[in-house]
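Geometric and topological summary
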Amino acid sequence: MAKPVLQIVIASTRPGRVGLPVAEWFRDRAAAQDAFEIELVDLAEVNLPFLDEPNHPRLRQYVHQHTKEWSATVERGDAFVFVTPEYNYGFNAVLKNALDYLHHEWQYKPVGFVSYGGVSAGTRAVQMLKQVVTTLKMVPVFDAVSIPFVAQLLDEEGRLRPNDVMNSAADTMVAELERLSTALRHLRPAA
């Protein structure tokens, strides 16, 4: 049986963003556990316009090619990690838009969060995200990676230098995502 697919979604699209090196570190850390096939999904590359489908996502009557492609990407995933900054006590509009485009494709899939920022480490954004993902019938895992003062952890080349707490939290979260992705698989609706 093939390994489940973990999609690591980079939420920030801002030029000079920290989300890319954070996601690359997490990808490498998750890959070391060898529990998932891993895909890095960059919302800057997906580049969805603001929701422009005429039909409700529950109907799955997509008319735009970008929506059909986004649907196929998310459908492939068995588990997700959202790598998210915190903007003004919340998460960014690009991630909300990407979530709102679809409905069935998200259901009964576990989701973890790697958040970053200043003193709050993006935890307020994650609290808001949990309300959204549970409405989509996703299952957020308890374990998370929260990175305070993220700018201080970047080296001269812009790579993230993780500490032991971050590495341990990442390992714990990936293990929980693996357990839940297997347990939830039979609950998913047929495409």
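Scroll up to find the structure.
Values in this document were obtained by computation on a predicted structure and should not be read as measured data.

**Remarks on the side chain of glutamine 7**
Mapped onto the fold, glutamine 7 is located in strand 1 (residues 5-10). The exposure class of glutamine 7 is buried, given its relative accessible area of 1%. A polar contact is formed between the side chain of glutamine 7 and the side chain of glutamate 39, at a distance of 2.9 Å. Of note is the side chain of glutamine 7, whose polar atom sits 2.6 Å from the backbone oxygen of threonine 73. Discounting residues that sit within four places of it in the chain, glutamine 7 has contacts with Glu39, Val41, Thr73, Val74, Arg76, Gly77, Ala79, Phe80 and Val81.

**A few points about helix 4 (residues 93-100)**
Of all the residues in helix 4, the buried ones are Leu95, Asn97, Ala98 and Leu99. Considering only its buried residues, helix 4 is in contact with helix 2 (43-46), helix 3 (65-76), strand 3 (79-85) and helix 5 (123-135).

**Some remarks on the layout of surface pockets**
Here the largest pocket is characterised by a volume of approximately 150 Å³. What lines the largest pocket is His56, Pro57, Arg58, Asp100, Leu102, His103, Val132, Thr135 and Leu136.

About the thresholds
- Residues numbered from 1 in each chain as written.
- Predicted model: local features only at pLDDT ≥ 70, side-chain atom pairs only at ≥ 80, totals over all residues.
- Heavy atoms only, no water.
- Helix = DSSP H or I, 4+ residues; strand = E, 2+ residues; numbered from the N terminus.
- Buried < 20%, exposed > 50% of the residue type's maximum accessible area, 1.4 Å probe, protein only.
- Polar contact = N/O pair within 3.5 Å; in protein donor to acceptor, adjacent residues only side chain to side chain.
- Contact = heavy atoms within 4.5 Å.
- 1 Å grid on protein atoms, 1.4 Å probe; cavity = no way out; pocket = protein on both sides within 12 Å on 5 of 7 lines; lining within 4 Å.
- Points joined across faces, edges and corners; volume = space filled by probe spheres on them.

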